[in-house]
Amino acid sequence: EVQLVESGGGLVQPGGSLRLSCAASGFTFSDVAMSWVRQAPGKGLEWVSGINSGGGSTGYAGSVKGRFTISRDNAKNTLYLQMDSLKPEDTAVYYCTRYYGDEFDYWGQGTQVTVSS
């Protein structure tokens, strides 16, 4: 059974940092690309960042480029998102998702990130 479990969310002041983690199980993690997607209150899903299976290629939404860093540890079956210089508009539920067969086919339960003073 495929499982994706996010952690690391919380309340942080503007300008602060958080590191999200996503523990994967039930599949060969090193074989698939992964992404982070977020949903702000009252808004739709927004792709944030993606990484290929080996970790050598990454991509970012314009809204987070230069502030967020995606990475993965295939030995630990874990995906990360380092978020720096956080802004109130980064407030959202952040989801870890697997990209396989040209679709995001499995999603975690999400972790809440709130940026507020």
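The preceding data block contains the structure.
In this report, the structure presented in the accompanying data block is examined.

The next point concerns the pattern of salt bridges. A complete count under the given rule lists four salt bridges for this structure. With a closest N to O distance of 3.0 Å, aspartate 90 and arginine 38 form a salt bridge. Here the residue aspartate 90 occupies a position in the loop between β8 (78-83) and β9 (92-99), and arginine 38 occupies one in strand β4 (residues 33-39), the gap between them amounting to 52 residues. The pair formed by aspartate 90 and arginine 38 is uniform in burial state, with each residue classed as buried. Here arginine 67 makes a salt bridge to aspartate 90, at a shortest N to O gap of 2.7 Å. Here arginine 67 is found in the loop between β6 (58-60) and β7 (68-73), whereas its partner aspartate 90 is found in the loop between β8 and β9, with 23 residues between them in sequence. For aspartate 90, a relative accessible area of 0% gives the class buried. Shared partners join several salt bridges into a network, and the residues in it are Arg38, Glu46, Arg67 and Asp90.

Calculation rules
- Residues numbered from 1 in each chain as written.
- Predicted model: local features only at pLDDT ≥ 70, side-chain atom pairs only at ≥ 80, totals over all residues.
- Heavy atoms only, no water.
- Salt bridge = Lys/Arg side-chain N within 4 Å of Asp/Glu carboxyl O.
- Helix = DSSP H or I, 4+ residues; strand = E, 2+ residues; numbered from the N terminus.
- Buried < 20%, exposed > 50% of the residue type's maximum accessible area, 1.4 Å probe, protein only.

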